[in-house]
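Secondary and tertiary structure notes
The chain contents come next:
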Amino acid sequence: SKTKDNKKQVSPEPAKVEPQETEPMKPLYELAEQYGFKMGGAMGYQELSIEKHKKMLKDDFNSVTFTNELKAYSLLDWSIRQKNNMPALNFSKADQLMDFAQSAGLKVRGHVLVWDAYMTEWFFYEDYQNKKFASKEVMLKRLKNYIEQVIVHFETKYPGVIYVWDVV
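The shown structure was predicted, so the numbers you read here are calculated from the model rather than taken from an experiment. (Residues numbered from 1 in each chain as written. Predicted model: local features only at pLDDT ≥ 70, side-chain atom pairs only at ≥ 80, totals over all residues. Heavy atoms only, no water.)

**What about the pairing of strand E5 (residues 107–111)?**
- Strand direction decides the pairing type here: strand E2 (residues 63–66) and E5, joined by three bridges, are parallel. Bridge assignment links serine 63 to a residue of E5, and that residue is lysine 107.
- Summarising the sheet, E5 and strand E6 (residues 162–166) pair through four bridges and their orientation is parallel. Paired with arginine 109 across the two strands is valine 164, which belongs to E6. (Pairing = 2+ DSSP bridges. Helix = DSSP H or I, 4+ residues; strand = E, 2+ residues; numbered from the N terminus.)

Given below as structure tokens:
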């Protein structure tokens, strides 16, 4: 660029900054532990392929909450019925996330067992298809069966990885 009197303006050379030795930063979960709580992050099935996200979780967190894969609408499989006419569960995506958490040494906050905002509508119908709602007794049996399947699956396949469940 040029100044008023048509002379070329020279920019000063940037000062050289010498790198300084720094102490490596402690993982966030270590800072949280001193106050008695876990430091958690969130992860969904789509993040399994993002190495930077997985590294961040491994490096700085000791707890993870999966965004949708442990919710009923992700686990309930409308197309499969058990012998007792209870819906079966499909754990394929949830298990991939649990495998990652277990191998990374992360504890999992189970999110969520039952939540009205994320429940499949067909679960409440008498025969799972028509619009007639099932009786209270049938629904209590279905919920009990569903919750037992979820808890037994994760406690058998991943003992001690899920440290708490939220919301029923």
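**Here's the deal with the packing of helix H4 (residues 92–104) against helix H5 (residues 136–157)**
- Following both chains from N to C, one finds H4 and H5 inclined at 35°, their axes separated by 12 Å at the closest point. Regarding H4 and H5, the two cross each other, and that crossing is right-handed. Facing H4, whose interface residues are Ala94, Asp95, Met98 and Gln102, H5 presents His153, Phe154 and Lys157.
- Looking at the contact of H4 with H5 residue by residue, the class counts come to three nonpolar, two polar and two charged. (Axes fitted to C-alpha atoms, helices over the stretch in contact; angles between N-to-C directions. Left-handed = near helix turned anticlockwise from the far one by under 90°. Contact = heavy atoms within 4.5 Å. Nonpolar A, V, L, I, M, F, W, Y, C, P; charged D, E, K, R; others polar.)

**Concerning the pairing of E2**
- Relative to E2, strand E1 (residues 40–43) runs parallel, the two sharing four bridges. Within the sheet, the bridge partner assigned to methionine 43 lies in E2 and is phenylalanine 66.
- Read from E1 through helix H2 (residues 51–60) to E2, the crossover connection turns out right-handed. (Right-handed = clockwise from strand over helix to strand, strands pointing away.)

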